[in-house]
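# Chain and residue survey
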Amino acid sequence: MFKYIVKRLLLSILILFGVSVIIYFLIRLMPSDYFEKQFSSQLASGAINMDDIIEIKKLYGLDDDSFMGIVKGYFSWLFKALSGDLGESFIYKRPVAEVISDKMWISFAISGIALIFEFIIAIPLGVSSAVKQYSIQDYLVTILVMVGISFPSFFFANILIKIFAVNLGWLPVSGQTDATIDASTISTFQYLFGNFKHLILPMVTLVVLSIGGMMRYTRTNTLEVLNADYIRTARAKGLSERKVIYKHAFRNTMIPLVTTFAGILPSLFGGAMIVEQVFGIEGIGNIAYNALKQGDIPFIMGYNMFLAILTIVGTLFSDIMYAVVDPRVKLGK
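Below, the structure is looked at part by part. (Residues numbered from 1 in each chain as written. Predicted model: local features only at pLDDT ≥ 70, side-chain atom pairs only at ≥ 80, totals over all residues. Heavy atoms only, no water.)

Attention now goes to the overall build of the protein chain. Across its full length, the protein chain carries 15 helices and zero strands. Considering the protein chain as a whole, with its 333 residues, one finds that 38% of them fall into the buried category. For the protein chain, long-range pairs separated by at least 24 residues make up 74% of all intrachain contacts whose partners lie at least 6 apart in sequence. (Helix = DSSP H or I, 4+ residues; strand = E, 2+ residues; numbered from the N terminus. Buried < 20%, exposed > 50% of the residue type's maximum accessible area, 1.4 Å probe, protein only. Contact = heavy atoms within 4.5 Å.)

This paragraph deals with the side chain of Asp296. Its place among the elements puts Asp296 in the loop between helix 14 (284-294) and helix 15 (297-325). Despite its burial, Asp296 pairs with no opposite charge; the closest candidate is Lys93, at 8.2 Å N-O. Among the polar contacts listed, one links the side chain of Asp296 to the backbone nitrogen of Ile91, at a separation of 3.3 Å. Excluding its chain neighbours within four sequence positions, the residues that come into contact with Asp296 are Ser89, Phe90, Ile91, Tyr92 and Ala291. (Lys, Arg positive; Asp, Glu negative; His and termini not counted. Salt bridge = Lys/Arg side-chain N within 4 Å of Asp/Glu carboxyl O. Polar contact = N/O pair within 3.5 Å; in protein donor to acceptor, adjacent residues only side chain to side chain.)

A few words on the pattern of salt bridges. Scanning the model with the defined rule gives five salt bridges in all. Across the salt bridge formed by Asp138 and Arg219, the nearest N and O atoms sit 2.8 Å from each other. With Asp138 in helix 7 (residues 136-150) and Arg219 in helix 9 (residues 188-226), the pair connects residues that are 81 residues apart, well separated along the chain. Across this residue pair, the class does not change: Asp138 and Arg219 are buried. Asp229 is the partner of Arg232 in a salt bridge, and the nearest nitrogen-oxygen pair spans 2.3 Å.

Relative to the elements of secondary structure, Ile121 occurs in helix 6 (residues 96-131). For Ile121, the contacting residues outside a window of four places in its chain are Val207 and Ile211.

Here the focus is the packing of aromatic side chains. Taken as a whole, this structure holds 12 aromatic pairs when the rule is applied. Measuring from centroid to centroid gives 5.7 Å for Tyr24 and Tyr74, while their planes differ by 65°, and the two rings are edge-to-face. Pair noted here: Tyr24 is in helix 1 (residues 2-28) and Tyr74 is in helix 5 (residues 67-82), with a separation of 50 residues, a long-range link. Judged by relative accessible area, Tyr24 falls into the buried class, the value being 3%. According to the relative accessible area criterion, Tyr74 is buried, its value standing at 2%. Note on Tyr74 and Phe75: the rings are 5.2 Å apart at their centroids and 75° apart in plane angle, and the pair reads as edge-to-face. (Phe/Tyr/Trp six-rings, centres within 6.5 Å; stacked < 30°, edge-to-face > 60°.)

Attention shifts here to the packing of helix 1 against helix 5. Contact geometry for helix 1 and helix 5: axes closest at 10 Å, N-to-C directions at 130°. In terms of their interaxial angle, helix 1 and helix 5 are classed as oblique. Like other packed secondary-structure pairs, helix 1 and helix 5 cross with a definite hand, here right-handed. Where helix 1 approaches helix 5, its residues Phe17, Ser20, Val21, Tyr24, Phe25 and Arg28 are matched on the opposing element by Phe67, Gly69, Ile70, Val71, Gly73, Tyr74, Trp77 and Leu78. Here the residues of the contact of helix 1 with helix 5 sort into 10 nonpolar, three polar and one charged. (Axes fitted to C-alpha atoms, helices over the stretch in contact; angles between N-to-C directions. Parallel < 35°, antiparallel > 145°, perpendicular 65-115°, else oblique. Left-handed = near helix turned anticlockwise from the far one by under 90°. Nonpolar A, V, L, I, M, F, W, Y, C, P; charged D, E, K, R; others polar.)

To continue, consider helix 1. Counting along an α-helix, one turn takes 3.6 residues, and residues three or four places apart therefore face a common direction. Between its first and last C-alpha atoms helix 1 spans 39 Å; for 27 residues at 1.5 Å apiece the expected length is 39 Å, and the two agree. Within helix 1, burial applies to Tyr4, Arg8, Ser12, Ser20, Ile23, Tyr24, Phe25, Ile27 and Arg28. (Expected span 1.5 Å × (residues − 1).)

Below, the discussion takes up the side chain of Ser111. In this fold, Ser111 is placed in helix 6. In contact with Ser111, other than residues within four places in its own chain, are Leu206, Ser267 and Leu268.

With that settled, consider unusual backbone geometry. Unlike most non-glycine residues, Lys93 shows phi in positive territory, near 55°. In this structure, Lys93 sits in the loop between helix 5 and helix 6. What makes Lys93 exposed here is its relative accessible area of 53%.

Now the structure itself:
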């Protein structure tokens, strides 16, 4: 196990290097230019000229768009990143690492709670639909799930806003804090609840649009397990259906689901760009989207490498958990 982990970590270094090269070159080739946008009014008025813009770009190593210039800029970024310096965000005027560490927790709170509800709802529904295959419940759940999968996130989010925020007025339309709440005059519970109300609709959106895939995946795996020989043997021995399903079938149903853990870490900390945009949540996904639109190269590089590291860690964790839940799997050298 130890040798396997070390080998995977060494391989991960090569993967991260390749990912960083690809991302940096793609970013440098983007038509969006932060400095030209930032100083567009001054350029139009004649207060500054392109030579001034080029001098500013030199400070960041972005003045040369030739192949060798991009290579030089990449290694300049790489050496700084290896020392822990991801640079300073152009639009947020703060160190990239500081912005990421500050904004990822609101995304983690929303995605984490949504993930818990996703597991609680999707897995039992999937198992139940498989056990009662072709029943009215199975058809009804399948139809509802497919409807949820088919909805674009921005469309479903706006439906929730229209119903629960605009028409009924139960929940806030957007934002993540209530400006009318004064923390010094109310209890801690009231303050937290007032802010939590802003996160309910985003979490509901993520849950409803996510349970479909996991439910169908669980249902398919359960059906496959229920047709196995050892399940028929367990039933032939006179075991109750409940014991057959939840003691023998359920654990083996979970084995393929472990592979989904590889994507959980990036989804938890990476934010949901569209949902955060619609609800005005200042999570990591929202600010990353704004940085991408404005060509904030330091932040885009830092954010994408952050996601790459989370993906690699999640994949390694998934492999290890696969061996834990399935004794037949041995992690080789």
